[in-house]
Amino acid sequence: MNCPEGPQRYIASEPPERAGWRSGRVNRLALSTLRHVARRGSSFVVLLSLLVGAQGSATNAPEDFEFFESEVRPILVNYCYGCHSNIARSVRSDFRLDSRASLLKGGTRGPAVVPGKPEESLLIEAIRRESLEMPPSGPNERLNGAQIAVLTKWVEMGAPWPEVSESALRSGEGRYDWETAREHWAWQPIQKVSPPPVRKKKKVRNPIDQFVVDGLRKAGLKQPKPALAAVFVRRAFFDLIGMPPTPDELEHWVVALDATRKGNLNDDAVAQLIDALLERPQYGERWGRLWLDLVRYSDTGGWSQDNGSFPNAWRYRDWVVDALNSDMPYNEFVRHQIAGDTIDREASIGTGFFALGPSYSSDGGDPVATAQAKSETLDDRVDTFSRTFLGLTMACARCHDHKFDPIPIQDYYSIAGIFNNSKGGETPLVGAEVVREYQEVRRPINELRVKVRDVRQTAGKEKRPVSDEEQMQIEAWQAESDKLDEESPPKYAFVHTLSDTGGEDMRVAVRGNLMKPGQVAPRRFLRLIEGKEREHFTEGSGRRQLADAVVDPGNPLTARVIVNRIWMNHFGRALVRTPSNFGTLGEKPTHPELLDWLASTFMESGWSIKSLHRTIMMSATYRSSSAFDERAFSADGDNRSIWRMNARRMDVETWRDSLLAVTNELDVSLGGPPVENIVDSNRRTLYASVSRNDPYITDEFLRLFDFPIPRASSAKRTSSVIPQQFLFMMNSSFMLDRARALGQRLQEESGTQEGQIRQGYHLLYGRQPSERELETAARFLAGDMPTESGPDRWQQYCQVLLSANEFMYIR
């Protein structure tokens, strides 16, 4: 936990302007009250007072506790517990720091923390050495800037500290009560239960509906009406390919669905629509981008200790798109990303999952810094692996046994040991002869550069400046090297991959410090999944055996986790609403039997993701209207029973791609290197160059609309509403250009003003304007023209249509 840069991948994972509005920071009751007040038109003062009250009574979200366990507790253990905990020989200043109650009580100097107010907290003063100097030892014991930032952020968050009894997990010191621990729902074997019977089967299209209808009945709620045909068509297009239908496509499918008969959609037409969209190459682009969130995909490195670039990262991105388009079975998809290099060259591209992650290096080269950097790199691999494939927070077991899930520290280093025997590198996509020819061309260039290096190193060792004669020789070598470099052919095609470097087990790092090795941790899978007597991985690094264990049908996590993610991206909310945390700090599933039915059906289908899409989208539940119901909202404001489809705001990729699609500007060419400035490009947003480092123009635009910073696995997008977004829609050249293009398209497609307005509504919203909307538009367009330098009335009107909430939301 001591790497100067590592913790920043968590600290900077969200823009500061919305740091206090993260999911879960305001309790559900308060949010429901706020929505109710807003609907009733209550005064701003009442609304504001309720808001302040809601913040004061906020509950911490699971991710807050994860932050504490993975980032805060290791610092406290390593730097504070020796003098201020129950393990200290003598507790100094009568102050303990091993519980929240002790933290708030403080010691002889009073409370150590004022939750939410780091500037008034004695703990923060001490670690900044503004008054006290803690830790009190020499300079090597001082907290670095990143660690101070972690503790400061933690206090700002209200100093969340999960006060969960560990008695259910432990039967003795350092030992889990495995029988009791395994009672948690996620560790139980997947059970395919029979769908519950329902009385009225008219609205039941498949077993999904039986589970949902049964839950609605128990909640005293009714099944919602089906969505209108036009709404359903647009929903399906956005969900599967991330773009709206053209007017002709919308009209074709609305007719085919024949929604005029009692509001029911034609099942055969629904199936045809789904199949048609799944066969489009844009499907892989849409769902590939969702996967890249999980793998913290980036085209360039991160901070000063992770500044490497990945010029061919895009080949992994394109591999993901191709794998999804071809409906590669998910178990193979996982295998290729964990151990594709042990299968074949094409499969090795999948190991970009790990190879493109941050690889930290020490800034000084001393053993302590080297160990810290190595520890951070391994933690990234373990954390990304466990969250993405298993829905586990294994990083919380880096310094000690996991406090809430049955993951001992030995299991953490069993998995870390696998990646300790693996390294990132390059795999050529050409034959050996091509590689040899290239290396032969580069040989004299490399020799010249070695000569330059040797001269400078010799001068450095002799503690003298480079002589004039040596400098002239260096310049001559450099000139010759540059000339040969310009004349040499470009490097052959290659990909960033992972490969084995050894087969040794790793030792546990005591308190997360690799400089303090403990017991050997044999490379093997998790005990909570496979039991005490499990296979020791001895084939190379062990990654191939790890991959087999992850996708073993007896593993209850892998299938559950992926079907939950697919469901979330269709409904906006997952069955398990903490999609990367199935542990005890995560939420329980809203429909546990449905989750298991989906997981079982998914594996029976050959782990086919496209088959899962069909199953979900053919259900009446997916086809439901998103219309508001006052009674249902009062009973279930969080829509956990799925009494309607959730209306969802588009992610930034879908929104931008849709803007370009409706203005007839979108470039739908597939694959290839990334675009440095996506704002000025017409390519799909998937092809934007993404950076972990200081944001480029592209990153600034994407992050403005909640694109995740790729420093850690991102389970789900946030959805913020901030003034900067509206300023972008009002003033940016991007929106002005789109408005100009839309205006030109509408004028070309209709010869009358009313026809152009109607076409605009049909194109953007999939409906016709009301009489009031027509009148409002006509009055606006008849107004005075703006100054000559600004956009005309027609362009302004088109900009309003493009910026409207209705365009940004999927109903």
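Residues numbered from 1 in each chain as written. Predicted model: local features only at pLDDT ≥ 70, side-chain atom pairs only at ≥ 80, totals over all residues. Heavy atoms only, no water.

Describing the overall build of the protein
And then number 1: Check the secondary structure of the protein and you find 35 helices and 8 strands.
And then number 2: Scored against the burial criterion, the 811 residues of the protein give a buried share of 55%.
And then number 3: Once local pairs closer than 6 in sequence are excluded, the contacts in the protein between residues at least 24 apart make up 67%. (Helix = DSSP H or I, 4+ residues; strand = E, 2+ residues; numbered from the N terminus. Buried < 20%, exposed > 50% of the residue type's maximum accessible area, 1.4 Å probe, protein only. Contact = heavy atoms within 4.5 Å.)

Remarks on a positive patch on the surface
And then number 1: On the surface, Lys 200, Lys 203, Lys 222, Lys 225 and Arg 631 cluster together to form a positively charged patch.
And then number 2: As for its placement among the helices and strands, Lys 222 is situated in the loop between helix 9 (207-218) and helix 10 (229-241).
And then number 3: Judged by its relative accessible area of 72%, Lys 222 is exposed. (Patch = residues over 30% accessible without salt bridge, like charges linked within 9 Å, V, L, I, M, F, W, Y side chains within 5 Å. Areas by Shrake-Rupley, 256 points an atom, 1.4 Å probe, with all protein chains shown as cover. Salt bridge = Lys/Arg side-chain N within 4 Å of Asp/Glu carboxyl O. Lys, Arg positive; Asp, Glu negative; His and termini not counted. Charge placed at Lys NZ, Arg CZ, Asp CG, Glu CD.)

Let's talk about the confidence of the model for the protein
And then number 1: Per-residue confidence for the protein averages 85 on the pLDDT scale, and 85% of its residues sit at or above 70.
And then number 2: Contacts of residues 165-174 to residues separated by more than four positions or lying in other chains number 20 contacts, the stretch itself having pLDDT below 50. (pLDDT = per-residue confidence, 0-100.)

Structural notes on helix 18 (residues 367-390)
And then number 1: Look at helix 18: 33 Å from first C-alpha to last across 24 residues, which is about the 34 Å you get at 1.5 Å a residue.
And then number 2: Among the 24 residues that make up helix 18, 20 are buried, leaving the element largely enclosed by the rest of the structure.
And then number 3: In the segment just after helix 18, Gly 391 is the residue with positive phi, at about 65 degrees. (Expected span 1.5 Å × (residues − 1).)

Regarding the packing of helix 15 (residues 330-339) against helix 23 (residues 543-550)
And then number 1: Relative orientation of the contacting elements helix 15 and helix 23 amounts to 155 degrees, with a least axis distance of 9 Å. With respect to their mutual orientation, helix 15 and helix 23 come out roughly antiparallel. As helix 15 runs across helix 23, the sense of the crossing is right-handed. Taking contact as the criterion, the partners of Val 334, Arg 335, Ile 338 and Ala 339 in helix 15 are, on helix 23, Arg 543, Arg 544, Leu 546, Ala 547, Asp 548 and Val 550.
And then number 2: Of the residues that constitute the contact of helix 15 with helix 23, the class distribution is 6 nonpolar, no polar and 4 charged. (Axes fitted to C-alpha atoms, helices over the stretch in contact; angles between N-to-C directions. Parallel < 35°, antiparallel > 145°, perpendicular 65-115°, else oblique. Left-handed = near helix turned anticlockwise from the far one by under 90°. Nonpolar A, V, L, I, M, F, W, Y, C, P; charged D, E, K, R; others polar.)

Quick word on the environment of Ser 541
And then number 1: Topologically, Ser 541 is positioned in the loop between helix 22 (527-530) and helix 23.
And then number 2: Counting along the chain gives 120 residues from Ser 541 to Asn 421, while the straight-line C-alpha distance between them is 5.0 Å.
And then number 3: If near-sequence neighbours (up to four positions away) are discounted, Ser 541 is found in contact with Ile 418, Asn 421, Ser 422, Asp 500, Gly 502 and Arg 523.
And then number 4: Within the structure, the side chain of Ser 541 is placed 3.2 Å from the backbone nitrogen of Arg 543, a separation counted as a polar contact. (Polar contact = N/O pair within 3.5 Å; in protein donor to acceptor, adjacent residues only side chain to side chain.)

Concerning the packing of aromatic side chains
And then number 1: Taken as a whole, this structure holds 33 aromatic pairs when the rule is applied.
And then number 2: With a centroid separation of 6.1 Å and 40 degrees between ring planes, the pair formed by Tyr 330 and Phe 333 is classed as tilted. Residue Tyr 330 and its partner Phe 333 are both found in helix 15; the two are separated by 3 residues, about one turn of the helix. The pair formed by Tyr 330 and Phe 333 is uniform in burial state, with each residue classed as buried.
And then number 3: Between the aromatic rings of Phe 628 and Phe 633, the centroid separation amounts to 5.2 Å while the plane-to-plane angle is 50 degrees, which identifies the pairing as tilted.
And then number 4: A relative accessible area of 9% means that Phe 633 is categorised as buried.
And then number 5: Through pairs of rings, three or more aromatic residues link up here, namely Trp 291, Tyr 316, Trp 319, Tyr 330, Phe 333, Phe 353, Phe 354, Phe 385, Phe 389, Phe 419, Phe 602 and Trp 607.
And then number 6: One residue, Lys 491, lies across the ring of Phe 494, its end atom 4.5 Å from the ring centre.
And then number 7: A cation over a ring is seen here: Arg 683 above Tyr 687, with NZ or CZ 4.0 Å from the ring centre. (Phe/Tyr/Trp six-rings, centres within 6.5 Å; stacked < 30°, edge-to-face > 60°. Lys NZ or Arg CZ within 6 Å of the ring centre and 35° of its normal.)

Here's the deal with unusual backbone geometry
Where the residue is not glycine, phi is negative for most of them; where a peptide bond is considered, it is trans in most cases.
And then number 1: Positive phi, normally seen in glycine, also occurs at Ala 159, with a value near 55 degrees.
And then number 2: Within the element layout of this structure, Ala 159 appears in the loop between helix 7 (145-156) and strand 1 (170-172).
And then number 3: With a phi close to 55 degrees, Asp 327 is a non-glycine residue in the positive phi region.
And then number 4: By relative accessible area, which is 21% here, Asp 327 ends up partly exposed.

Some details on the pattern of salt bridges
And then number 1: Counted by the stated rule, this structure contains 52 salt bridges.
And then number 2: Here Arg 289 and Asp 293 are joined by a salt bridge, their closest N and O atoms 2.8 Å apart. With Arg 289 and Asp 293 both in helix 13 (residues 281-294) and 4 residues apart, this pair spans about one turn of that helix. Judged on exposure class, the residue Arg 289 and its partner Asp 293 are both buried.
And then number 3: Here the salt bridges do not stand alone but share partners, grouping Glu 332, Arg 335, Glu 539, Arg 544 and Asp 548 into one network.

Things to note about the side chain of Ser 641
And then number 1: On the secondary structure map, Ser 641 appears in the loop between helix 27 (630-635) and strand 7 (648-649).
And then number 2: Of the polar contacts made by the side chain of Ser 641, one reaches the side chain of Asp 636; its length is 2.6 Å.
And then number 3: Setting aside its immediate chain neighbours within four residues, Ser 641 contacts Val 212, Leu 216, Leu 221, His 591 and Asp 636.

A closer look at a nonpolar patch on the surface
And then number 1: On the surface, a cluster of nonpolar side chains totalling about 400 Å² of accessible area is made up of Val 721, Phe 726, Leu 727 and Met 730.
And then number 2: Considering the arrangement of structural elements, one finds Met 730 in helix 30 (residues 723-731).
And then number 3: Taking the relative accessible area as the measure of exposure, Met 730 reaches 54% and is therefore exposed.

Some words on the nonpolar core
And then number 1: Core analysis: the biggest nonpolar cluster contains 122 residues, and Trp 291, Phe 385 and Phe 525 have the highest contact counts within it.
And then number 2: Here this core gets 8 residues from one element, more than from any other, and that element is helix 14 (residues 313-325).
And then number 3: Setting aside its immediate chain neighbours within four residues, Phe 525 contacts Phe 385, Leu 390, Ile 415, Glu 530, Arg 534, Phe 537, Leu 546, Ala 549, Val 550 and Asn 555.
And then number 4: Leu 659, Val 679, Met 735 and Leu 764 belong to the second-largest nonpolar core, a separate cluster that totals 40 residues. (Core = buried A, V, L, I, M, F, W, Y, C linked by side-chain atoms within 4.5 Å.)

With respect to the side chain of His 591
And then number 1: On the secondary structure map, His 591 appears in the loop between helix 24 (558-571) and helix 25 (592-604).
And then number 2: What His 591 contacts, discounting residues up to four positions off in sequence, is Phe 211, Val 212, Leu 575, Arg 640, Ser 641 and Ile 642.

What to know about the environment of Gly 503
And then number 1: Mapped onto the elements of the fold, Gly 503 is located in the loop between strand 4 (494-500) and strand 5 (506-509).
And then number 2: On a C-alpha basis, the gap between Gly 503 and Arg 523 in space is 9.2 Å, while along the polypeptide they are 20 residues apart.
And then number 3: Setting aside residues no more than four positions away along its own chain, Gly 503 makes contact with Asn 421, Arg 523 and Gly 540.

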